Amino acid sequence: METLVSSWSKTCIKVPENYILPEGQRAGSDEIHACKSFPLIDLSGNQSKAIQEILYACQEFGFFQVINHGVSEDLIDDTIKVIEEFFDLPNEEKAQLFSTDQNKACRLYTSSYNYNTEKVHFWRDGLRHPVHPLDEWVHLWPEKPTNYRDVVGKYSLELRKLTLRILELICEGLGIEAGYFEGDLSKNHVLSINHYPPCPDPSLTMGIPKHADANLITVLFQGNISGLQVLKNGQWLGVEPVPHAFVVNIGNQLEVISNGKLRSAEHRGVTNSKVSRTTIGSFILPNHETIIKPAKTMIESVPLYRPFKYKEFSKLYVDTFGDTDAVMEAFKIKT
Ligand code: OGA
Ligand code: NI
């Protein structure tokens, strides 16, 4: 528990040695580009226009933001508030959820999933738990704040609806049959909450290191504080917060299913020295036994990937410390 950044960093004036990344991996190593054309898509307007914009964004950036998405602003505000309150609770309240065991369904942890083996730690605490089906998991969630389960439960249901709707738009855009992602491909749903306390020198550290999401699709709420950066053509682009918008990104499984047409882009999260930043990732994942393969309609000449079980992918992702290129390569058909 004392390893939680939020526990010890309040009085910290100098970044500890074991949080200083090697040159080249630090937030301060790269120039960050403001991106005026980062896709911002209005989901309430013309649907065929939205589909076109989503497809373009998924091919070019692997990322986009959505507004007028139908999730109530009050619910979003209540959710981020209750989550921030959770991180502000005294340690003894949070202690029972803290675990370094990756197999624990609901857990509070710090840095990455490799705390015990990584050389350098990341400036982040995390809370992660499954949310679907609600009845199966809600009893494992935090008991305090007392409205956590109620508020986060409502939020999770809304996010699931929104994400399935976005997946339908992607289906239509790709020309894949309607309902393709229903069922086992989107069976699992996890909230992965990130909490980045202020850091005395953000340039030396990283909140969440460069990675691509191994899931099907992510819908992230990043609040009003910037920190998310996306890699495009070798340049880091900052994703500027838009009030009450969600950031959507393509996961590795959707890249495979689209036979490489959609990109699962690498991204990372940096910290700042002034305020804590809390983000809520909503991850849709296939069931572990589900076979992932390029959809028939996506194969123009040859499939780029061999069929595999999702659990094979996630095992390799963990074993390679999230080295997406290596994992994607392992499932590619060699020509
Ligand atoms: C993630 C992620 C970015 C952020 O949780 O997978 O990329 O800004 N988060 O918190
Ligand atoms: Ni991510």
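Look a little higher up for the structure.
Residues numbered from 1 in each chain as written. Chains lettered and ligands numbered in written order. Predicted model: local features only at pLDDT ≥ 70, side-chain atom pairs only at ≥ 80, totals over all residues. Heavy atoms only, no water.

(A) The environment of Gln-229, seen in detail. Within the fold, Gln-229 resides in strand β9 (residues 228-232). A C-alpha to C-alpha distance of 32 Å links Gln-229 and Pro-133, two positions 96 residues apart in sequence. Setting aside residues no more than four positions away along its own chain, Gln-229 makes contact with Ile-32, Trp-236, Leu-237, Gly-238, His-267, Arg-268 and Val-270. A polar contact is formed between the side chain of Gln-229 and the side chain of Arg-268, at a distance of 2.8 Å. (Helix = DSSP H or I, 4+ residues; strand = E, 2+ residues; numbered from the N terminus. Contact = heavy atoms within 4.5 Å. Polar contact = N/O pair within 3.5 Å; in protein donor to acceptor, adjacent residues only side chain to side chain.)

(B) Seen up close, the site of ligand 1. Around ligand 1, the neighbouring residues are Asn-194, Tyr-196, Ile-208, His-211, Asp-213, Leu-220, Leu-228, His-267, Arg-277, Thr-279 and Phe-283. Within the side chain of Tyr-196, an N or O atom sits 2.6 Å from an oxygen atom of ligand 1. One of the side-chain N or O atoms of Arg-277 is found 3.0 Å from an oxygen atom in ligand 1. For ligand 1, the accessible surface in isolation is 290 Å², of which the surrounding protein chains cover 96%. Going through the elements one at a time, β6 (188-196), β7 (208-211) and β13 (277-285) are the ones with two or more residues in the shell around ligand 1. Examining the composition of the shell around ligand 1, we find that three residues originate from one element, β13, more than from any other. For the shell around ligand 1, the residue count by class is five nonpolar, four polar and two charged. (Near = heavy atom within 4 Å. Areas by Shrake-Rupley, 256 points an atom, 1.4 Å probe, with all protein chains shown as cover. Nonpolar A, V, L, I, M, F, W, Y, C, P; charged D, E, K, R; others polar.)

(C) View of unusual backbone geometry. Residues His-132 and Pro-133 are joined by a peptide bond in cis, for which omega reads -10 degrees. Inspection of the secondary structure assignment puts Pro-133 in the loop between β5 (125-130) and α5 (134-137). The step from Lys-144 to Pro-145 runs through a cis peptide bond, and the omega angle for that step is -10 degrees. Mapped onto the secondary structure, Pro-145 falls in the loop between α5 and α6 (148-174). One non-glycine residue, Asn-233, lies in the positive phi region at around 45 degrees. Structurally, Asn-233 can be placed in the loop between β9 and β10 (235-238). One non-glycine residue with positive phi stands out, namely His-244, at about 60 degrees. One can find His-244 in the loop between β10 and β11 (246-250).

(D) Representation of the sheet that holds β7 within the structure. Sheet architecture is open: five strands sit in the order β1-β10-β9-β12-β7, paired in mixed fashion. On the outer flanks of this sheet lie β1 (32-34) and β7, each paired with one strand and no other. Strand-to-strand twist in this sheet, taken as the mean axis angle between neighbours without regard to direction, amounts to 30 degrees. With three bridges joining them, β1 and β10 adopt parallel strand pairing. Within the sheet, the bridge partner assigned to His-33 lies in β10 and is Leu-237. (Pairing = 2+ DSSP bridges. Axes fitted to C-alpha atoms, helices over the stretch in contact; angles between N-to-C directions.)

(E) Structural view of the pairing of β5. In terms of burial, β5 is largely enclosed, as five of its six residues are buried. Two strands pair when backbone bridges link them, and strand β4 (residues 107-110) and β5 are joined in this way by four bridges, in the antiparallel orientation. Residue pairing in the sheet places Thr-110 in a bridge with Asp-125 of β5. As paired strands, β5 and β6 are joined by six bridges and run antiparallel to one another. Note on β6: the bridge partner recorded for His-129 is Leu-191. (Buried < 20%, exposed > 50% of the residue type's maximum accessible area, 1.4 Å probe, protein only.)

(F) Region of the structure containing the nonpolar core. With 73 residues, the main nonpolar core has Phe-64, Leu-108, Tyr-155, Ile-170, Phe-246 and Leu-254 as its most contacted residues. The leading source of residues in this core is α6, at 12 residues. With near-sequence residues (within four places) excluded, Phe-64 lies in contact with Phe-38, Pro-39, Ile-41, Ile-54, Ala-57, Cys-58, Ile-166, Phe-246, Val-247 and Val-248. (Core = buried A, V, L, I, M, F, W, Y, C linked by side-chain atoms within 4.5 Å.)

(G) Helix α3 (residues 73-88), seen in detail. Its 16 residues place the ends of α3 23 Å apart at the C-alpha level, agreeing with the 22 Å of an ideal helix rising 1.5 Å per residue. The complete set of buried residues in α3 reads Leu-75, Ile-76, Thr-79, Ile-80, Val-82, Ile-83, Phe-86 and Phe-87. Buried residues of α3 fall within an arc of 160 degrees about the axis and therefore sit on the same side. Relative to its buried face, α3 has exposed residues pointing more than 90 degrees away, namely Asp-74, Lys-81 and Asp-88. Two or three places before Asp-74, at the start of α3, stands the capping residue Ser-72, its side-chain oxygen 3.3 Å from that residue's backbone nitrogen. (Expected span 1.5 Å × (residues − 1). Arc of directions from axis to C-beta.)

(H) Structural view of the packing of aromatic side chains. Going through the model one piece at a time under the given rule, you end up with 13 aromatic pairs. Aromatic side chains Trp-8 and Trp-123 sit 5.3 Å apart centroid to centroid with 80 degrees between the ring planes, which places their arrangement in the edge-to-face category. Here the residue Trp-8 occupies a position in helix α1 (residues 5-8), and Trp-123 occupies one in the loop between β4 and β5, the gap between them amounting to 115 residues. Overall, the relative accessible area of 23% leaves Trp-8 in the partly exposed class. On the basis of relative accessibility, which here comes to 0%, the residue Trp-123 falls in the buried class. Three or more aromatic residues joined by ring pairs make a cluster, and in this case those are Phe-86, Phe-87, Trp-141 and Tyr-148. Sitting above the plane of the Tyr-109 ring, Arg-107 keeps its charged end 4.6 Å from the centroid. Between Arg-268 and the ring centre of Trp-236, over which it is positioned, the NZ or CZ distance is 4.0 Å. (Phe/Tyr/Trp six-rings, centres within 6.5 Å; stacked < 30°, edge-to-face > 60°. Lys NZ or Arg CZ within 6 Å of the ring centre and 35° of its normal.)

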